Amino acid sequence: MLIPLVLSGGSGTRLWPVSRSNLPKQFLALTGQGTLFQQTLVRTRELPDLAPPIVVAADDHRFLAAEQLREAGFEDATIVLEPLARNTAPAIALGALAALEHDPDATLLVLPADHLVGESGPFVEAVRTALPLARAGWLVTFGIRPDRPETGFGYIRRAEPLEGNAFRVGRFVEKPDLATAESYLADGGYDWNSGMFLFRAARYLEELQAHAPAMLAAVREAHAAARRDLDFVRVDADAFARVPEDSIDYAVMEKTRRAAVVPLSCGWSDIGSWSALWLAGERDADGNLREGDTLAFDSHNCLLRSHDRHLIAAVGVDDLVVVSTPDATLVAHRDAAQQVKKIVDELKRSGRTEHSLHRVVHRPWGSYDSLEAAERFQVKRIVVKPGAALSLQKHHHRAEHWIVVSGTAEVTCDDKVFLLGENQSTYIPLGSVHRLRNPGKVPLELIEVQSGSYLGEDDIVRFDDAYGRA
């Protein structure tokens, strides 16, 4: 049985301001049909003997993962929640332990959720080539044939050939400088390290036991103490905090004697920066990649992306990245795109929220858009999905006014339950126990005006919640 194991715990900081910690790049539609996460799942459908996927996701992204799985038609997936990030080696171990519960001879196809594969045919063929090796006990990785001297990727040196279009791994190489990368390209025996793998779940755990036994013991303890929570497998947080942090490359692949590589050319990109997205996208005759409301005159090789219906107009500029969202605009030289992380680090250091939250925040029941905020008041546009409800809750520091714009609202306020229609409103006093529900078949849209001494999202006491947050 072949089980896709999708790793979706990344934060994608180099694609700020579009990618943020509450909505990272794997859950965004950056190119092609669907989000990167959904594209990763869909391209596995052509593979043989395929079982439902296992997704290892951050706890904060659990509802994003579940909703996007449902949209892509993967309603029988297993979603394992990491309480904190511990890099790829422990995440894959969690997936391997989950797979062995379904099939003691499970083969795992490990796929990062945030990579782009432009051509699924060569990808599927490479996996088919690697399957006999994986089932014979090899730990197979996929090496991307380089088409430029890239300094942002690690490399794999191919050694002697194995059966089919596969090779024993000679060595893994860290990200090189430009001169070294040029020599690798001229040599022809090096591939980019894609971070995709194929191996039997049991074999991976054997290698982890041999090379990182403390890590495996801690992961086993955390997995053994996991509990079911709605549709999720929630790993024990205290036990997982004791897991050493390391990548699969360092923990296993660089140490095992049974590492193989299958070269692959499939239009692959890790979409690790805006310049990588510019390379992967469809550019116009002037080399510009444009999305949203944009204009460009006498401008070349730029990436222009508007996400808020706000016009971006470029005149007489070259090699720029200009990305606009409702609450932030990035302007950078394309060659400096890898340094966007410095902006994110500074936002964190200064206590701002733009590194983590978009103005529009998605919740399992719908979304809210923070339209205006000042001292002692805040205005939000709230959209509730048909049949969905917010938690039964109260606030210690704020009161709320609700005005229905469209749809029907069922309001619980202390001991009263009543309906509001379009253009009707109500007041929720400070300290009142309340709930908002959409009993209708169309989205409920309302404007919420909050007033009080503190308006943070952590001023919520939940008494009952359909999504397990109480």
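Just so it is clear, the model here is predicted, and its values are computed rather than measured. (Residues numbered from 1 in each chain as written. Predicted model: local features only at pLDDT ≥ 70, side-chain atom pairs only at ≥ 80, totals over all residues. Heavy atoms only, no water.)

(A) Fine view of the sheet that holds strand 29 (residues 444–452). In space, the six strands of this open sheet follow the order 20-21-22-29-24-27, with antiparallel pairing throughout. Only two strands of the sheet have a single partner each, and these edge strands are strand 20 (360–363) and strand 27 (425–428). Looking at each pair of strands side by side, their axes are set apart by 20° on average, direction ignored. Taken together, the eight bridges between strand 22 (residues 377–384) and strand 29 define a ladder with antiparallel strand orientation. Bridge pairing in strand 29 links phenylalanine 377 to serine 451. (Pairing = 2+ DSSP bridges. Helix = DSSP H or I, 4+ residues; strand = E, 2+ residues; numbered from the N terminus. Axes fitted to C-alpha atoms, helices over the stretch in contact; angles between N-to-C directions.)

(B) Spotlight on the nonpolar core. Phe37, Trp274 and Leu436 are the most contacted members of the largest nonpolar core, which totals 58 residues. At four residues, helix 2 (residues 62–71) tops the list of elements feeding residues into this core. Aside from chain neighbours lying at most four places away, what touches phenylalanine 37 is Val6, Ser8, Gln26, Phe27, Val55, Ala65, Gln68, Leu69 and Ala113. Judged by nonpolar contacts, the second largest core, of 47 residues, contains Leu7, Ile92, Leu139 and Ala259. (Core = buried A, V, L, I, M, F, W, Y, C linked by side-chain atoms within 4.5 Å. Buried < 20%, exposed > 50% of the residue type's maximum accessible area, 1.4 Å probe, protein only. Contact = heavy atoms within 4.5 Å.)

(C) Examining the UniProt feature "domain: Mannose-6-phosphate isomerase type II C-terminal" (unreviewed entry) in the protein chain more closely. In the UniProt entry, the feature "domain: Mannose-6-phosphate isomerase type II C-terminal" (unreviewed entry) is given for residues 351–465. Counting secondary structure, residues 351–465 comes out at 0% helix and 56% strand; the distance between its end C-alpha atoms is 30 Å. (UniProt positions renumbered as here; feature names shortened; annotations may be inferred.)

(D) Layout of the UniProt feature "domain: Nucleotidyl transferase" (unreviewed entry) in the protein chain. The positions UniProt marks with the feature "domain: Nucleotidyl transferase" (unreviewed entry) are residues 4–284. As annotated, residues 4–284 comprises 35% helix and 24% strand, and the C-alpha atoms at either end are separated by 36 Å.

(E) Seen up close, a negative patch on the surface. Taken together, the side chains of Asp284, Asp286, Asp298 and Asp318 define an acidic patch exposed on the protein surface. With respect to the helices, strands and loops of the structure, aspartate 284 is situated in the loop between helix 10 (274–280) and strand 14 (289–291). With relative accessibility at 32%, the residue aspartate 284 sits in the partly exposed group. (Patch = residues over 30% accessible without salt bridge, like charges linked within 9 Å, V, L, I, M, F, W, Y side chains within 5 Å. Areas by Shrake-Rupley, 256 points an atom, 1.4 Å probe, with all protein chains shown as cover. Salt bridge = Lys/Arg side-chain N within 4 Å of Asp/Glu carboxyl O. Lys, Arg positive; Asp, Glu negative; His and termini not counted. Charge placed at Lys NZ, Arg CZ, Asp CG, Glu CD.)

(F) Inspection of the packing of helix 3 (residues 88–102) against helix 7 (residues 213–224) at higher detail. Where helix 3 meets helix 7, the closest approach of the two axes is 10 Å, and the angle between their N-to-C directions is 55°. Relative to helix 7, the element helix 3 lies oblique. Relative to helix 7, the crossing made by helix 3 is right-handed. Counted together, Ala89, Pro90, Ala93, Leu94, Leu97, Ala98 and Glu101 of helix 3 and Met215, Val219, Arg220 and His223 of helix 7 form the full contact between these two elements. Of the residues belonging to the contact of helix 3 with helix 7, the class tally is eight nonpolar, one polar and two charged. (Parallel < 35°, antiparallel > 145°, perpendicular 65-115°, else oblique. Left-handed = near helix turned anticlockwise from the far one by under 90°. Nonpolar A, V, L, I, M, F, W, Y, C, P; charged D, E, K, R; others polar.)

(G) Local environment of the sheet that holds strand 19 (residues 328–333). Pairing in this open sheet of four strands is mixed, and the strands run 14-16-18-19 from one edge to the other. The sheet is open, and its two borders are formed by strand 14 and strand 19, each paired with just one other strand. Strand-to-strand twist in this sheet, taken as the mean axis angle between neighbours without regard to direction, amounts to 5°. Where strand 16 (residues 303–306) lies against strand 18 (residues 320–325), four bridges are found, and the strand directions are parallel.

(H) Layout of the packing of aromatic side chains. Applying the stated rule across the entire model yields ten aromatic pairs. Considering the side-chain rings of phenylalanine 63 and phenylalanine 232, the 5.7 Å spacing of their centres and the 80° angle between planes classify their relative orientation as edge-to-face. Taken together, the residues phenylalanine 63 in helix 2 and phenylalanine 232 in strand 11 (residues 232–234) connect sequence positions 169 residues apart. Since its relative accessible area comes to 17%, phenylalanine 63 is described here as buried. Among the aromatic residues, those joined into a ring-pair cluster are Phe63, Phe232 and Tyr467. Above the face of the tryptophan 278 ring, arginine 283 is positioned so that its terminal group lies 4.3 Å from the ring centre. The ring of tryptophan 278 has arginine 334 sitting right over it, with the charged end atom 3.6 Å from the ring centre. (Phe/Tyr/Trp six-rings, centres within 6.5 Å; stacked < 30°, edge-to-face > 60°. Lys NZ or Arg CZ within 6 Å of the ring centre and 35° of its normal.)

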